Amino acid sequence: MRFRILGPTQVVLADGREVPVGGPRLRALLALLLLDAGRVVSAERLIDGLYGEHPPRGAANALQSQVSRLRQALPAGHDPVEFHPAGYRLAVDPDEVDAYRFERLAEAGRRALVDGDWQRASTVLREALELWRGPALADAVGPAGAPVQAARLDELRLAATEDRVEADLALGVHGTLVAELRELVVAHPLRERPRGQLMRALAALGRPAEALAEFEDARHTLAEQLGTDPSAELAAIHVAVLRGAERGPADPALPSQLTTFVGREEELTRVGELLRERRLVTLTGPGGAGKTRLAIEAAGRVDGEVRFVELAGLTDGPDVPQAVLSALGLRDAGLRASGESGWQTTDRLVEALAERRLLLVLDNCEHVLVDAARLLSACPAMRVLATSREPLGLAGEALCPLSGLTVPPIGASAFHAGEYAAVGLFVQRAVDVAPDFRVTPVNVETVLRICRALDGLPLAIELAAARLRGLPVAEVAARLDDRFRLLSTGNRAASPRHRTLRAVVEWSWDLLNDAEREVARRLTVFAGGATLEAAGRVCELPTAEFVDALTGLVDKSFVEMTGGRYRMLETVRAFCAERLVEAGEADRLRRAHTAYFLEFAWTASDHLRCAEQLHWLRRLDAERDNLHAALRRATAAGDASDAAGMVAALSFYWWLRGIRGEGARLATDVLELLGTEAPPGLREEFALCVYNASLAGSGHLPSVGTQSSVIRSLDRPPRQPFLLYLSGISTGPPAGGADDVDELMGELRRLVGPDTWITSLGAMGSGASLMWSGEWDRARTALTTALDGFRSSGDRWGTMITLGALGELAAWRGDPEAAGAHMDEAMGLVEALGSAVDQADMLRTRGEIRLRAGDLAAAHDDFAGALLLAQRSGAPEFVAAARLGLAQVARLRGDLAAARRFGEEALAGGLTGWYVGEAARAEIILVLTQITEAEKAGAAPSADGA
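Residues numbered from 1 in each chain as written. Predicted model: local features only at pLDDT ≥ 70, side-chain atom pairs only at ≥ 80, totals over all residues. Heavy atoms only, no water.

**Brief notes about the packing of aromatic side chains**
Then, number 1: Per the stated rule, a full pass over the model turns up 16 aromatic pairs.
Then, number 2: Ring plane angle 80 degrees and centroid distance 5.6 Å describe the contact between phenylalanine 722 and tryptophan 797, whose orientation is recorded as edge-to-face. Taken together, the residues phenylalanine 722 in the loop between α32 (707–713) and α33 (723–731) and tryptophan 797 in helix α37 (residues 796–812) connect sequence positions 75 residues apart.
Then, number 3: The buried category is assigned to tryptophan 797, whose relative accessible area is 0%.
Then, number 4: Measuring from ring centre to ring centre gives 4.9 Å for tyrosine 725 and tryptophan 797, while their planes differ by 85 degrees; the resulting arrangement is edge-to-face. Here tryptophan 797 lies in helix α37 and tyrosine 725 lies in helix α33, a separation of 72 residues in the sequence. An identical accessibility class is assigned to tyrosine 725 and tryptophan 797; each is buried.
Then, number 5: By the ring-pair criterion, three or more aromatic residues cluster together here, those being Phe652, Trp655, Phe722, Tyr725, Trp757, Phe790 and Trp797.
Then, number 6: Just above the ring of phenylalanine 575 sits the side chain of arginine 579; from NZ or CZ to the centre is 4.4 Å.
Then, number 7: Between the NZ or CZ atom of arginine 619 and the centre of the ring of tryptophan 616, over which it lies, the distance is 4.5 Å. (Phe/Tyr/Trp six-rings, centres within 6.5 Å; stacked < 30°, edge-to-face > 60°. Helix = DSSP H or I, 4+ residues; strand = E, 2+ residues; numbered from the N terminus. Buried < 20%, exposed > 50% of the residue type's maximum accessible area, 1.4 Å probe, protein only. Lys NZ or Arg CZ within 6 Å of the ring centre and 35° of its normal.)

**Brief notes about the environment of aspartate 862**
Then, number 1: Along the chain, aspartate 862 falls in helix α40 (residues 856–873).
Then, number 2: Sequence spacing of aspartate 862 and glutamate 848 is 14 residues, and the spatial spacing of their C-alpha atoms is 8.8 Å.
Then, number 3: Not counting residues within four places of it along the chain, the set of residues in contact with aspartate 862 comprises Leu843, Arg846, Gly847 and Arg850. (Contact = heavy atoms within 4.5 Å.)

**Regarding helix α29 (residues 640–657)**
Then, number 1: In a regular helix each residue adds 1.5 Å, so 18 residues correspond to 26 Å; α29 covers 25 Å between its end C-alpha atoms and thus fits that length.
Then, number 2: Most of α29 sits inside the fold, with 15 of its 18 residues counted as buried.
Then, number 3: Positive phi shows up at glycine 658, right after α29, with a value of about 70 degrees. (Expected span 1.5 Å × (residues − 1).)

**Let's talk about the side chain of aspartate 795**
Then, number 1: Along the chain, aspartate 795 falls in the loop between α36 (776–793) and α37.
Then, number 2: A polar side-chain atom of aspartate 795 sits 2.5 Å from a polar atom in the side chain of glutamine 613. (Polar contact = N/O pair within 3.5 Å; in protein donor to acceptor, adjacent residues only side chain to side chain.)

**Concerning the packing of helix α8 (residues 192–204) against helix α9 (residues 208–226)**
Then, number 1: One way to put it is that α8 packs onto α9 with a least axis distance of 7 Å and a crossing angle of 160 degrees. Overall, the two elements α8 and α9 adopt an arrangement that is roughly antiparallel. Where α8 crosses over α9, the two elements pack in a sense that is left-handed. In this structure, α8 uses Glu192, Arg195, Leu198, Met199, Leu202 and Ala203 to contact α9, whose residues at the interface are Pro208, Glu210, Ala211, Glu214, Phe215, Asp217, Ala218, Thr221 and Leu222.
Then, number 2: Looking at the contact of α8 with α9 residue by residue, the classes come out as nine nonpolar, one polar and five charged. (Axes fitted to C-alpha atoms, helices over the stretch in contact; angles between N-to-C directions. Parallel < 35°, antiparallel > 145°, perpendicular 65-115°, else oblique. Left-handed = near helix turned anticlockwise from the far one by under 90°. Nonpolar A, V, L, I, M, F, W, Y, C, P; charged D, E, K, R; others polar.)

**Focus: the side chain of glutamine 888**
Then, number 1: Relative to the assigned elements, glutamine 888 resides in helix α41 (residues 876–892).
Then, number 2: When sequence neighbours within four positions are dropped, the list of residues in contact with glutamine 888 reads Glu848, Leu851 and Val927.

**What to know about the environment of aspartate 154**
Then, number 1: Inspection of the secondary structure puts aspartate 154 in helix α6 (residues 147–170).
Then, number 2: Judged by its relative accessible area of 34%, aspartate 154 is partly exposed.
Then, number 3: Residue contacts for aspartate 154: discarding those within four places in its chain leaves Trp132 and Ala136.

**What to know about the confidence of the model for the protein**
Then, number 1: On average, the protein scores 79 in pLDDT, and the residues at 70 or more come to 81%.
Then, number 2: Within the protein, no element has a lower average pLDDT than helix α20 (residues 483–486), which sits at 55, and none a higher one than helix α26 (residues 586–607), at 95.
Then, number 3: In this model residues 490–499 is a low-confidence stretch, pLDDT under 50, and it forms 18 contacts with partners more than four residues away in sequence or in other chains. (pLDDT = per-residue confidence, 0-100.)

**A few points about the sheet that holds strand β7 (residues 280–284)**
Then, number 1: Within the open sheet, the five strands sit side by side as β8-β9-β10-β7-β11. Their pairing is parallel. The outermost strands of the open sheet, each flanked by one partner alone, are β8 (306–310) and β11 (397–401). For this sheet, the mean inter-axis angle between neighbouring strands, taken without regard to orientation, is 20 degrees.
Then, number 2: Note that β8 and strand β9 (residues 359–363) share five bridges and pair parallel. Looking across to β9, one finds that glutamate 310 is bridged to aspartate 363.
Then, number 3: Helix-sheet contacts for helix α11 (residues 265–277) involve β7, β9, β10 (383–388) and β11, and the interaxial angle to β11 is about 180 degrees.
Then, number 4: Sheet contacts for helix α12 (residues 291–300): β7, β8, β9 and β10; angle to β10, the most-contacted strand, approximately 160 degrees. (Pairing = 2+ DSSP bridges.)

**Some words on the pattern of salt bridges**
Then, number 1: Using the criterion set out here, one finds 47 salt bridges in the structure.
Then, number 2: Across the pair arginine 164 and aspartate 168 runs a salt bridge, and its minimum N-O distance is 3.1 Å. On the criterion of helical spacing, the pair formed by arginine 164 and aspartate 168 is a turn pair, its members being four residues apart in helix α6. Judged on exposure class, the residue arginine 164 and its partner aspartate 168 are both buried.
Then, number 3: With a closest N to O distance of 2.5 Å, arginine 791 and glutamate 825 form a salt bridge. Placement of the pair is arginine 791 in helix α36 and glutamate 825 in helix α38 (residues 816–833), with a sequence separation of 34 residues.
Then, number 4: The exposure class assigned to glutamate 825 is partly exposed, which follows from its relative accessible area of 33%.
Then, number 5: Put simply, Arg182, Arg195, Arg207, Glu210, Glu214 and Asp217 are held in one network by salt bridges that share partners. (Salt bridge = Lys/Arg side-chain N within 4 Å of Asp/Glu carboxyl O.)

**Points about a negative patch on the surface**
Then, number 1: Taken together, the side chains of Glu44, Asp48, Glu53 and Glu831 make up a negatively charged region of the molecular surface.
Then, number 2: Relative to the helices and strands, aspartate 48 resides in helix α2 (residues 43–51). (Patch = residues over 30% accessible without salt bridge, like charges linked within 9 Å, V, L, I, M, F, W, Y side chains within 5 Å. Areas by Shrake-Rupley, 256 points an atom, 1.4 Å probe, with all protein chains shown as cover. Lys, Arg positive; Asp, Glu negative; His and termini not counted. Charge placed at Lys NZ, Arg CZ, Asp CG, Glu CD.)

**A few points about the sheet that holds strand β6 (residues 87–90)**
Then, number 1: Taking strand neighbours across the sheet as the criterion, the three strands line up as β4-β6-β5 in an open arrangement whose pairing is antiparallel. Bordering the open sheet on either side are β4 (40–42) and β5 (81–84), each of which pairs with just one other strand. Between one strand axis and the next, the sheet turns through 30 degrees on average, direction left out of account.
Then, number 2: Bridging between β5 and β6 involves four bridges; their strand directions are antiparallel. Looking at β6, one finds that histidine 84 is bridged to glycine 87.
Then, number 3: Along the sheet, helix α3 (residues 59–73) makes contact with β5 and β6, crossing β5 at roughly 150 degrees.

**A short note on the nonpolar core**
Side chains that are nonpolar tend, in soluble globular proteins, to be buried together.
Then, number 1: By size, the foremost hydrophobic cluster in this structure holds 190 residues, and its most contacted members are Leu385, Phe426, Leu523 and Trp797.
Then, number 2: In terms of residues, this core owes the most to one element, α29, which gives twelve residues.
Then, number 3: Of all hydrophobic cores here, the second largest spans 52 residues; its members include Leu74, Val81, Ala108 and Val124. (Core = buried A, V, L, I, M, F, W, Y, C linked by side-chain atoms within 4.5 Å.)

**A word on the pairing of β9**
Then, number 1: A large share of β9 lies buried, amounting to five of its five residues.
Then, number 2: Covered by surrounding structure in β9 are Leu359, Val361 and Asp363 together with Leu360 and Leu362, the residues of both alternating faces.
Then, number 3: When β9 meets β10, the two strands line up parallel, connected through four bridges. In the strand pairing of β10, leucine 359 is matched with arginine 383.

**Observations concerning the packing of helix α35 (residues 756–772) against α36**
Helix packing for two helices is described by the angle between their axes and how far apart those axes are.
Then, number 1: One can describe the packing of α35 onto α36 by two numbers: an axis separation of 8 Å at closest approach and a directional angle of 155 degrees. Considering their axes alone, α35 and α36 lie roughly antiparallel with respect to each other. Two packed elements cross with a definite hand, and for α35 against α36 that hand is left-handed. Here Thr756, Trp757, Ser760, Leu761, Ala763, Met764, Ser766, Gly767, Ala768, Leu770 and Met771 of α35 lie close against α36, whose contacting residues are Trp776, Arg778, Ala779, Ala782, Leu783, Thr785, Ala786, Gly789, Phe790, Ser792 and Ser793.
Then, number 2: Across the contact of α35 with α36, the residue classes tally to 13 nonpolar, eight polar and one charged.

**A few points about α2**
Then, number 1: The set of residues buried in α2 consists of Leu46, Ile47, Gly49, Leu50 and Tyr51.
Then, number 2: Taken from the residues just after α2, glycine 52 is the one with a positive phi, measuring 80 degrees.

In structure tokens form, the structure reads like this:
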């Protein structure tokens, strides 16, 4: 099927037949989903788009109904509408949507225009514009709808039209353009580009008077409506018409490029806007970020005279203005004699540029700042685009900082890999040396890993892609740990310091002072960046000296500062880490880093059971890489106390954030260090390592006994109270049920003293045991006590888990309204916590409630959503539980084949080695038995069977 939203919404089959979609609201829903084809669109966004700021009551149910109608409207076998826990997804290839095809073609046409391929630009842009059949999103614009997206598409259409006209002008097609351009000028009187194109077309046709009249009309319109004068570009066309020398696209004296330009469209747009507004624009960033290439591309899009000056190889003194004179094609002979008293090269340059309007590109100003500044201040008539590691610090300077190209985040879909600029650059450069190279489902993760490891730095990516001439892509990825040796062969046409990755970083390193080098090498112990406080503590330098050095590193693009955190690009970090080892500081800095983050982890853990929970979760998220790096280093170094302490401190965080699989692997590594028995003074830490390791279904693990024996073995209050919950999950509740839970809690309170959170946890455990034993009234009392306690302490997780249990209890007691209210509140809390595992658990619980109520469609959606989230999170118990739920739904619908498939897949999920897994296995076997009995009976069970 093909989908059209550049005009009225349409669905067209391969044979050209149009599929009737339905009424206005259904077409609007389809249009909103098509705007994000292949991606999940939240229910909130869809409701906003359909109903505006004041949606009706029950809008969520109305949306579900609209989605169901849309599914029915699409042809059988072509239902691409998928439910997801976060919303809905239209599972179609974006290239099947005309808006996406238009943007792709428009971009390809614009690139061809920049490259001077006028014929291809004209052809491709015409193909793009022919996709339009009317106003964009005609069925989804109104009080609600998508006015912003429609306006964006209309703006892209206008820009593509202007680009196509530009290509036609370059091809000498003037006569047929005049009428079209007059219509554009009337429709957009304040837009200067079509006005200038019209003037050029008229002048080329020998109609200069009309061209000049157009300029006067533009000047009058701009003055009257905006109080401003025509831009420098339009004024330059006016002057060219007056002189009878109207020219086509500018021919700037810029270095020719052997490869196509990839990515940086946002930065190109920003630089273009800044150059129209400011006289000095400076591109800053680390070596290899692509400052020079971006400057050349940006300058190539500027109308008028452009000159490029390479400053990297120059020294202080007269070299800088002399280089500019050479770039301008000027010699001393036509100027005042150099021997005249007081006359310097800069003076000669100022005289040469006194009445000359141009854009001067000064590349690599960092080491000649004084001379560059003198030149800039002495030549106020020209515009300057500079590249530098650090700002020039001149009045009126506009900065455009660069880092790496966009890279796919961890967990990004391979389906959308090509949307990221770093991947696009890697693929293009790889094809240059290995024409058969393609990104495939087999190698896509490897390509993503390479781009992430290189921080999206263009130079590093180009060097890595060049290695595909002799190495498979998997080998390139495997050798990135030795990146400076791997990426040592560059473009021979580039300057020496741009040919290899090491040369680029060494160039910047050599320009640092001693204090900056000291801080730079010590910052390498951090993983994922550092706060100012953490960096200061670990780097062990006097505060004032440290702050000055860190600020200098940021100014010189050796360190990035975003969101209050200081981060080094991995390539820079690898280089500086070598310097740390050379200085003999590596082991000392590792220990300082571990000590800081172990203290931080325990401080944060204590705040996770109170109202500050979300704030500290975010702080732990920000430091996750540092925390795990400290844990791995302590394990590798044999620091048993630090390693086990870090596992204990992070246990509740891992659970809350649903990263239990990663925590289990880290804990398993620590267990290999600890041995089979708890070392002296580490009983609690040892037990927590065992419990965490058991969550991954690890092989044989040391025995720590029952919950009671673990609590009784402690010689001090547990520093990590979550120990109690993990022990129950891993080994099961006490055999005596609720009474034994109460006895265990009494022992714990005697050890700990009064603690609201621990008391609430015990009440929750008692309530769960009473539920399963059928004592529903006592269970409700215990769970209500737990709920009140968790709410008073501010723990959203405990509140959520207890609400889920109360929801199940209400459903068992035949009160679906109360069950729904409890689950709605629980789902809100799990969303705030951001744990995909807990969201899977709550969806599964709600699915069970809806299954019991007989709402099979809603139950199916909940179980499907739970399965997706559990698979992404690597939680085998919830994967199995979700498949079990889907098996139950299929059985009740009479689809015994699907029921058996889901049930057997659930049973094959590796549920061994710990209590919850064994309990799930027993339930799955029971349901498979029921399915077998139904198969033998030769008929589906009655609707009330479960």
